[in-house]
Amino acid sequence: MSINPELQGRSYPASEPYQVGREKIREFARAVKATHAAHYDVAEAGRLGYADLMAPPTFAVIVAQRADAQLIADPEAGIDFTRVVHADQRFTHHRPIVAGDELIAELHVDSVRAMGDGALLTTRSEISTTEGEKVATAVSSILVRGEGQ
Amino acid sequence: MSIALSELATGQDIGSSTLEISRADLVRYAGASGDFNPIHWNERFARSVDLPGVIAHGMFTMGAAVQLVTDWIGDPGAVIDYQTRFTRPVPVEDIDGKAGAVVEVTGVIGALDADNSTARVDLTVTFNGQKVLVKAQAVVRIW
C-alpha cells in the first residue's frame, strides 16, 4: 500500500464540535505534569484574566488529532496507521483555549513528499470556535514508513 | 509576573527540570489525549514493530517539557507558539516504584523580538545524553 500523492492540497471539512470541559483540562494538565493553578482553579485563571480554566500549551493536540483521524481513516489516502511515526509538531495560539470553548478543526494536507517507499505528510488543522473565532493552528508531520523502513 | 524584555538577553539560561516518566504516566497520557496507539502501553506490540519496548508519546514529552517555560514566565497563556521535531524515541521501562525513564530539560533564550514583545525559548530535551526533541522552541509573549 502506498500513499496517494494526490492528497496534497486536499482539505477535510470541520469535524464535529469539541466541547472543552473543565475536567478535561484538569485531566490533560495532570497527564502532562502541568502544575500551574490556572489549569485547575477557576479563580486563579480569572486572576490572570482568563474567563475559565486555561488549557496547557499542547491541549490543542486533542482537537488536531481528531481532525487527522479523518485523513488516516480515508481509504483513498492509503495510510497504514501502524507504520506512522510522528515527525514534528507545531502549535500557534491565536488565543488561549479555555473551558467552555466549542472548537472545530478544518484539516488541510499541505504537502506529501515521497521518502523511499514511504512518505512524509504535513497537515494543518485550523482550529476555531463554532462562531468562527480563530483559536489555534496545529501543524503536524507524520512519516508513514514504507516496507522495510 | 514581572519579567521585562529589556532584562533578557539571548543565551540566557531560564533553568532546567527533570522529568521522571513511568508506565503509569503513559497510560494517563493515553487516556487524557485519546492517543491509544499500543506502542505506548503494550510491550509485545512495541517489540513486534521493531521498537526497543514501550515508548513515550512524543506529544507527552513535548507537553511535559514546556512546563519549564510556564514556570519561568508564570502564565501558560503566554506561550503563543510551540514547536518541535521528534528525533528519537524515549523507551520507558517497566519498573516498580521507580521511574522507567528520566528526561532532562534545559532552556535558554534563543531570540528576542522587541517589535512583537516576544522571547523565544530554546529547549534542550535529552534522554541518556541524547536529544529526543530537536528544534524545540517556545515563543513567549512578554507583557
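Everything below is about the structure printed above this text.
As the structure is a computational prediction, the values presented were derived from the model and not from experiment. (Residues numbered from 1 in each chain as written. Chains lettered and ligands numbered in written order. Predicted model: local features only at pLDDT ≥ 70, side-chain atom pairs only at ≥ 80, totals over all residues. Heavy atoms only, no water.)

Draft legend 1. Region of the structure containing the overall build of chain A. Secondary structure assignment for chain A yields 3 helices and 6 strands. Taken from N to C terminus, the helices and strands of chain A fall in the order β-β-α-α-α-β-β-β-β. Viewed in the frame of its principal axes, chain A has a C-alpha envelope of about 55 × 30 × 20 Å. Taking all 149 residues of chain A together, 52% fall into the buried category. At a minimum sequence separation of 6, the contacts of chain A that also span at least 24 residues come to 69%. In the structure as shown, chain A presents an accessible area of about 6800 Å², 51% of it carried by carbon and sulfur atoms. If you average the places of the 15 positive and of the 21 negative side-chain charges in chain A, the two averages end up 6 Å apart. (Helix = DSSP H or I, 4+ residues; strand = E, 2+ residues; numbered from the N terminus. Buried < 20%, exposed > 50% of the residue type's maximum accessible area, 1.4 Å probe, protein only. Contact = heavy atoms within 4.5 Å. Areas by Shrake-Rupley, 256 points an atom, 1.4 Å probe, with all protein chains shown as cover. Lys, Arg positive; Asp, Glu negative; His and termini not counted. Charge placed at Lys NZ, Arg CZ, Asp CG, Glu CD.)

Draft legend 2. Representation of the interface of chain A and chain B within the structure. With 30 residues of chain A at the interface, the matching set in chain B holds 32 residues. Carbon and sulfur atoms make up 57% of the area that chain A and chain B hide from each other, which totals about 2600 Å². By the criterion of area lost to chain B, the three top residues of chain A are A:Ala31, A:Lys33 and A:Pro57, representing 20% of everything that side buries. For the pair chain A and chain B, the number of links is 2 salt bridges. Here A:Lys33 makes a salt bridge to B:Asp25, at a shortest N to O gap of 3.1 Å. On inspection of chain A and its partner chain B, the count reaches 12 residue pairs in polar contact (both at pLDDT 80 or more). Elements that contribute at least two residues to the side of chain A that touches chain B include exactly α1 (22–31), α3 (61–73) and β3 (84–93) of chain A. Among the elements that line the side of chain A that touches chain B, the one with the most residues is β3(A), at 8 residues. Considering only residue class, the side of chain A that touches chain B consists of 14 nonpolar, 9 polar and 7 charged. Where β3(A) lies against strand β2 (residues 79–86) of chain B, 5 bridges are found, and the strand directions are antiparallel. (Buried area = accessible area lost by both parts, 1.4 Å probe. Salt bridge = Lys/Arg side-chain N within 4 Å of Asp/Glu carboxyl O. Polar contact = N/O pair within 3.5 Å; in protein donor to acceptor, adjacent residues only side chain to side chain. Nonpolar A, V, L, I, M, F, W, Y, C, P; charged D, E, K, R; others polar. Pairing = 2+ DSSP bridges.)

Draft legend 3. Broad picture of the pattern of salt bridges. For the coordinates displayed, the defined rule picks out 16 salt bridges over all chains. With its nearest N and O atoms 2.5 Å apart, the salt bridge here joins B:Arg23 to B:Glu43. Of the two residues, B:Arg23 is situated in helix α1 (residues 23–33) and B:Glu43 in helix α2 (residues 43–48); the sequence distance between them amounts to 20 residues. In this structure B:Arg23 comes out as buried when scored by relative accessible area, which is 18%. Overlapping salt bridges bring together A:Arg10, A:Asp74 and A:Glu76 as one network.

Draft legend 4. Expanded view of the side chain of B:Asp81. If you trace the backbone, B:Asp81 turns up in strand β2. Using a relative accessible area of 8% as the deciding quantity, one classes B:Asp81 as buried. Side chain to side chain, B:Asp81 and A:Arg90 meet in a polar contact 3.0 Å long. If we skip the residues at most four places from it in the chain, B:Asp81 touches A:Arg90, A:Phe91, A:Thr92, B:Gln137, B:Ala138 and B:Val139.

Draft legend 5. Fine view of the layout of surface pockets. Roughly 1000 Å³ of internal volume is contained in the largest pocket. Looking at the largest pocket, it is lined by 47 residues, and the ones nearest its centre are A:Val84, A:Val85, A:His86, B:Asp35 and B:His40. Residue assignment for the lining of the largest pocket shows that the elements contributing at least two residues are α3, β3 and β6 (134–144) of chain A together with α1, α3 (58–65) and β5 (130–141) of chain B. Broken down by element, the lining of the largest pocket gets its largest block of residues, 8 residues, from α3(A). By residue class, the composition of the lining of the largest pocket is 25 nonpolar, 15 polar and 7 charged. (1 Å grid on protein atoms, 1.4 Å probe; cavity = no way out; pocket = protein on both sides within 12 Å on 5 of 7 lines; lining within 4 Å. Points joined across faces, edges and corners; volume = space filled by probe spheres on them.)

Draft legend 6. Looking closely at a nonpolar patch on the surface. Together, B:Val27, B:Phe36 and B:Trp41 make up an exposed nonpolar region whose accessible area comes to about 340 Å². By the secondary structure assignment, B:Phe36 is in the loop between α1 and α2. (Patch = residues over 30% accessible without salt bridge, like charges linked within 9 Å, V, L, I, M, F, W, Y side chains within 5 Å.)

None of the figures reported here should be taken as evidence of function without further support.
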